[in-house]
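Per-entry structural report
Chain by chain, the residues run as shown.
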Amino acid sequence: QNMPFNKVILLLGTVLAVQALPAYDELDAKLKTYDKRVRPGLGSPLNVSVSSYIISMEGVDLDLKEVVISMYFRQLWRDERLKLSETVKLRDASDIWHPDTFFANEKSLVTSDHNQFVRIVPKDDGGEILWSQKLTKRLAYICQNSYCHFKILLESFSYPVEDIFYSINHGEGQGFLFSDGCFNADYEGTLKSYRLTRIEPESVARTYTLL
């Protein structure tokens, strides 16, 4: 009596596996001729749209004027070579071209590469790629009068502005957002009375792209 039951379980597992594969088979087929060393959109600058959800601001150092922020950092761009028939999700961006974005004013590096995912959504002109990472960064802040502020300076490591330019993603639920904890946190020392009040986007013209 156990044998038929085992056969049913195996058959069911096979059917489910076949149903789950087509989208990734299509991606695998495209990746066989895909060169991840070459950026998308050759011939014109590629727009990399960024957004962030800042989880916390902590580790304030009053002497060094530093603050540690934890965030979900998202980058969005199009790749005409990855036009698929349906949405796929990946655990990381290692198999596809992705921006070499770094924080130009970062004072120390904390990596968390395992906390990330990639989503590729079909569009008429290719695949819309969302790369989301959970990052922790140590940045400098400046206090003037009754305000303290810190900058998030994003830059491409190797691409000039002729190849890549950054913009802020103003889509629904995007932009640079903050958790309630950022507004309500009580910091030690002289920063205890300060609260996060606003974010002011700023663009800087340089040989290498910078947001």
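Whatever comes next refers back to the structure up there.
Quick summary incoming for the structure in this document.

Quick notes on the rules
- Residues numbered from 1 in each chain as written.
- Predicted model: local features only at pLDDT ≥ 70, side-chain atom pairs only at ≥ 80, totals over all residues.
- Heavy atoms only, no water.
- Helix = DSSP H or I, 4+ residues; strand = E, 2+ residues; numbered from the N terminus.
- Contact = heavy atoms within 4.5 Å.
- Areas by Shrake-Rupley, 256 points an atom, 1.4 Å probe, with all protein chains shown as cover.
- Salt bridge = Lys/Arg side-chain N within 4 Å of Asp/Glu carboxyl O.
- Buried < 20%, exposed > 50% of the residue type's maximum accessible area, 1.4 Å probe, protein only.
- Pairing = 2+ DSSP bridges.
- Phe/Tyr/Trp six-rings, centres within 6.5 Å; stacked < 30°, edge-to-face > 60°.
- Patch = residues over 30% accessible without salt bridge, like charges linked within 9 Å, V, L, I, M, F, W, Y side chains within 5 Å.
- Lys, Arg positive; Asp, Glu negative; His and termini not counted.
- Charge placed at Lys NZ, Arg CZ, Asp CG, Glu CD.
- Polar contact = N/O pair within 3.5 Å; in protein donor to acceptor, adjacent residues only side chain to side chain.

Summing up its helical and strand segments, the protein chain has three helices and 12 strands in all. Contacts spanning at least 24 positions in sequence make up 77% of the contacts within the protein chain whose residues lie at least 6 apart. Summed over all atoms, the accessible surface of the protein chain reaches about 13,000 Å², with 54% contributed by carbon and sulfur.

This part takes up the pattern of salt bridges. Under the definition given, this model contains seven salt bridges. Here R37 and D35 are joined by a salt bridge, their closest N and O atoms 2.9 Å apart. Overall, R37 belongs to the exposed group, its relative accessible area being 69%. Residues R81 and D79 are paired through a salt bridge, measuring 3.0 Å at the closest nitrogen-oxygen approach. Given the relative accessible area of 0%, D79 is considered buried. The structure contains a network of salt bridges with shared partners spanning R78, D125 and E128.

So, on to the environment of D61. Positionally, D61 belongs in strand β1 (residues 46-61). Put simply, D61 and Y141 are 80 residues apart on the chain and 9.6 Å apart in space, counted from C-alpha to C-alpha. Each residue touching D61, except ones within four places of it in the same chain, is listed here: E66 and Y141.

Our focus in this paragraph is the environment of L135. Residue placement: L135 occurs in strand β7 (residues 126-144). On the basis of relative accessible area, L135 is assigned to the buried category, the value being 8%. The sequence separation of L135 and Q116 amounts to 19 residues, and the corresponding C-alpha distance is 9.2 Å.

Let us now look at the pairing of strand β9 (residues 154-160). In terms of burial, β9 is a largely internal element, five of the seven residues being buried. Bridging between strand β4 (residues 101-103) and β9 involves three bridges; their strand directions are antiparallel. Bridging from a neighbouring strand, T101 pairs with S156 of β9.

Attention shifts here to the packing of aromatic side chains. On inspection of all chains with the given rule, the structure shows four aromatic pairs. Note on W97 and Y159: the rings are 6.0 Å apart at their centroids and 70 degrees apart in plane angle, and the pair reads as edge-to-face. Of the two residues, W97 sits in the loop between β3 (88-90) and β4 while Y159 sits in strand β9, which places them 62 residues apart along the sequence. For the pair F102 and F157, a centre-to-centre distance of 6.0 Å together with 70 degrees between the ring planes defines the contact as edge-to-face. Of this pair, F102 sits in strand β4 while F157 sits in strand β9; the two residues are 55 residues apart in sequence, bridging distant segments of the chain.

A few words on a negative patch on the surface. A surface patch of negative charge is lined by D25, D28, D92 and D95. Examined against the element boundaries, D25 turns out to sit in helix α2 (residues 22-31). A relative accessible area of 44% means that D25 is categorised as partly exposed.

You can see Q116 is positioned in strand β6 (residues 116-123). Here Q116 falls in the buried class, since its relative accessible area comes to 17%. Side chain to side chain, Q116 and W131 meet in a polar contact 2.8 Å long. When near neighbours in sequence (up to four residues on either side) are disregarded, Q116 contacts R91, D92, A93, W131, S132 and Q133.

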